[in-house]
Amino acid sequence: MANPIDSFTQRIPVEILLSFFSECVPPPTRDNPGPAVSYSHPLIVLSHVSRTWRELALETPALWSRMHVKTPSASTFSNGPPEMCTVKADRSRAALTTWIERSAEQPLTIVLDLPSYSQAQLYKEAWSKEICEDVLEQLFLCASRWKRLHINLSIVASSPLFIQACNSLPANGLLKLEFLAINLTSAGASPAMIGSVPGRLLAGGLFSGPSLRRVSLEGRWMMNHKLGVAVQGWAPLTDLEITPSTNASGTHFGVSNLPYLFKAFPLLQNAKFLFQQSEPTPEVVNPTEPIVLPRLKSLYLGGQAMGPALARSLVLPSLQVLFLVFEISQSSARSGMLDYDKCILEFLQRFGAQLTSFGINHDILLPPSFPSYLNMLDNARLESLSLINNSFPQRQTEPGPFSSILRGDQDCRVLAHLAKPGVFPGLKHLEMSARSRNCETALADVIAARRRWTRTVKNQCSQVRTEVCSVVGYEAENEIQPNTTIPIEDVHVTFTRPRGSSVIQELRDRGVDLTSGPFSIRLNYPESCGVMVERTLGSRAYSS
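Summarised in this report is the structure supplied together with it.

What counts, and where the lines are drawn
Residues numbered from 1 in each chain as written. Predicted model: local features only at pLDDT ≥ 70, side-chain atom pairs only at ≥ 80, totals over all residues. Heavy atoms only, no water. Helix = DSSP H or I, 4+ residues; strand = E, 2+ residues; numbered from the N terminus. Buried < 20%, exposed > 50% of the residue type's maximum accessible area, 1.4 Å probe, protein only. Contact = heavy atoms within 4.5 Å. Areas by Shrake-Rupley, 256 points an atom, 1.4 Å probe, with all protein chains shown as cover. Expected span 1.5 Å × (residues − 1). Arc of directions from axis to C-beta. Phe/Tyr/Trp six-rings, centres within 6.5 Å; stacked < 30°, edge-to-face > 60°. Pairing = 2+ DSSP bridges. Salt bridge = Lys/Arg side-chain N within 4 Å of Asp/Glu carboxyl O. Core = buried A, V, L, I, M, F, W, Y, C linked by side-chain atoms within 4.5 Å. Axes fitted to C-alpha atoms, helices over the stretch in contact; angles between N-to-C directions. Parallel < 35°, antiparallel > 145°, perpendicular 65-115°, else oblique. Left-handed = near helix turned anticlockwise from the far one by under 90°. Nonpolar A, V, L, I, M, F, W, Y, C, P; charged D, E, K, R; others polar.

1. Description of the overall build of the protein
Assigned secondary structure in the protein consists of 19 helices and 17 strands. Residues classed as buried in the protein amount to 51% of the 544 residues present. Here the analysis covers contacts within the protein between residues at least 6 apart in sequence; of these, 78% occur between residues at least 24 apart. Of the roughly 24,900 Å² of accessible surface on the protein, 52% is carried by carbon and sulfur atoms.

Structure representation (structure tokens):
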């Protein structure tokens, strides 16, 4: 008698089955690595549904080229007897061998989680070290097939083994590697290890592959004057991201590193740098010659604030996306270091007219200067605006130059500016934080005005202008061209106070069209327990 499951599965077209398999086993990423390689992996399960499915899975090596490899620590098997621990360890090794063999010659996408434990636990983890060595040996034998590699690495537990494996790489051993990300953790590490391990990693052959174009470094990176020497042997990158830990003492990645990096990688197209250093005094960087990056399209600068000197030296003819998310401490503010707005001003004066996307931490700006700074952006070109506020503790109550900002006045002024007719008519995406309940009404004004313009775009100009003015409450002093207004498509606002009035319901009461064209709104509110709850509205699902 025929198996009904086989009869059913055999009728499904191969193309649909392959699409289904790919959806079940997507490429692993840093944020979503997926299930680890094992004999209980979904791909193994799919290959045992029927003979047809098994043959198709085994004949598609691309499915097996996507690996989340997680090396176990001794604590993983601590509850079982020694014999069972050995069996589980052998199965873990065998599963990785299965994936490597079935991937044939396909380029590999790998997320590698190496064990993490403190110096005090080393004597307990000899067994884990042995497994880690075996896993690294298996992976490095197929290093010539790596295409995307993300590594979670512990300075104490796994960095010595990993550095040793990297040193064994032959010349031109990473022919296909295009993307490399390393997240470095330092639990239990001594200051000497924190100072030496990052330099040894940066100077290794892992970054010299001829195809490497994208690098991301996260976690406990100690980089100072050694960085300029280390990157000289790297491949010509197009994307570089360095975001050290924000809460790790002793971390140092300061503004003084930027000239080295920009000169080492003149072909950069996307760059993100988060400056962190232990000293409270900001570094002074004053390049003596222009820094030209002809292909740079996206630049994100965050963390410790800088002065305007570096901005003056940059020549970025292709820049379209700029994020300036600087932070300053209250001690810096009290000591008179309030000239960070000069840096923002310099960037906007030089590049504001060419930006399509702009993000800024407006908390470091004094109230009179914002939102007037937005006038330096090209009014017709801007499509995305992100307004971020995370410089100071949110409960500052003492008088000072930033206290009014923290009460939410600044946020309301920005929304009132965006609600004016004719301001950024091409704006599609808005993201910001709001610290006042008054911002809910102001946000409704912004959305209503922009969605109203879109809904009545085919009507007469005078009718549109009258409707907008009645909604927003501004007098129409200038002519508005409704046919050039692009509907806002995505709004994401995080409130720091519990929900007051319902923005979505208010928009509905005003009769605002929220259904025509693509549109989504995400509102995050803190509940009484401190948990942020997201309330969304989209073209298919509505909630308030």
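2. Regarding helix α9 (residues 191–202)
Its twelve residues place the ends of α9 18 Å apart at the C-alpha level, agreeing with the 16 Å of an ideal helix rising 1.5 Å per residue. Among all positions in α9, only I194, V197, P198, L201 and L202 are buried. For α9, the angular spread of buried residues about the axis comes to 125°, placing them on one side.

3. Quick word on the packing of aromatic side chains
For any two aromatic rings, the description comes down to two numbers: the centre-to-centre distance and the angle of the planes. One pass over the full model with this rule turns up eleven aromatic pairs. Centre to centre, the rings of F20 and F21 are 6.0 Å apart; their planes meet at 50°, and the pair counts as tilted. Taking the centre distance of 5.9 Å and the plane angle of 70° together, the rings of F262 and F273 count as edge-to-face. One end of the pair, F262, is in helix α11 (residues 258–264); the other, F273, is in strand β7 (residues 270–275), with eleven residues separating them in the sequence. With relative accessibility at 2%, the residue F262 sits in the buried group. One aromatic cluster in this structure is built from F20, F21 and W53.

4. Here's the deal with unusual backbone geometry
One non-glycine residue, A104, lies in positive phi territory at about 55°. If you trace the backbone, A104 turns up in the loop between α6 (82–102) and β2 (108–113). Residue A104 is classed as partly exposed on the basis of its relative accessible area, which comes to 35%. Although it is not a glycine, F424 sits at a positive phi angle of roughly 50°. Within the fold, F424 resides in the loop between α16 (409–418) and β14 (429–434).

5. A word on the pairing of strand β3 (residues 146–154)
Pairing geometry for β2 and β3, over six bridges, is parallel. Within β3, the residue paired with T109 across the bridge is R148. As judged from the seven bridges shared by β3 and strand β4 (residues 179–185), these two strands associate in the parallel manner. Across the sheet, residue H150 finds its bridge partner in β4, namely A181.

6. Quick look at the pattern of salt bridges
According to the stated counting rule, one finds nine salt bridges in the structure shown. Salt-bridge contacts for E289 lead to K263; the nearest nitrogen and oxygen are separated by 3.5 Å. Of this pair, E289 sits in the loop between β7 and β8 (291–292) while K263 is found in helix α11, placing the two residues 26 residues apart along the sequence. Taking the shortest distance from any N to any O, the salt bridge between E506 and R510 comes out at 2.7 Å. Classification of E506 as buried rests on a relative accessible area of 18%.

7. Points about the nonpolar core
Ranked by internal contacts, the top residues of the largest apolar core, which has 141 residues, are W146, L206, F273 and F358. Tallying contributions element by element places helix α17 (residues 438–455) first for this core, with seven residues. Those residues within four positions of F273 in sequence are excluded, and the remaining contacts are L240, I242, F253, L258, L261, F262, Y300, L301 and G302.

8. A word on the packing of helix α8 (residues 159–167) against α9
Close contact between α8 and α9 brings their axes to 10 Å; oriented N to C, the two are set at 25°. With respect to each other, α8 and α9 are oriented roughly parallel. As for the relative orientation of α8 and α9, their crossing is left-handed in sense. Along the contact surface, α8 presents S159, F162 and I163, while α9 presents V197, R200 and L201.

9. Describing the pairing of strand β6 (residues 239–244)
The side chains of a regular strand alternate, residue by residue, between the two faces of the sheet. Among the six residues that make up β6, six are buried, leaving the element largely enclosed by the rest of the structure. With burial as the criterion, each face of β6 is covered, one bearing D239, E241 and T243 and the other bearing L240, I242 and P244. Note: strand β5 (residues 214–219) against β6, six bridges, orientation parallel. For V215, the partnering residue across the bridge sits in β6 and is L240. In this structure, β6 lies alongside β7, joined through four bridges in parallel fashion. Counterpart to D239 in the pairing with β7 is N270.

10. Describing helix α4 (residues 51–58)
Along α4, the residues that are buried comprise W53, L56 and A57. In a view along the axis of α4, the buried residues occupy a sector of 100°, so they form one face of it.

11. Focus on the packing of helix α2 (residues 14–24) against α4
The contact between α2 and α4 brings their axes to 11 Å, and the two run at 70°. It follows that α2 is roughly perpendicular to α4 by the angle criterion. Where α2 crosses over α4, the handedness of that crossing is right-handed. For the pair formed by α2 and α4, the contact residues are V14, L17, L18, F20 and F21 on the first element and W53, L56 and A57 on the second. Looking at the contact of α2 with α4 residue by residue, the class counts come to eight nonpolar, no polar and no charged.

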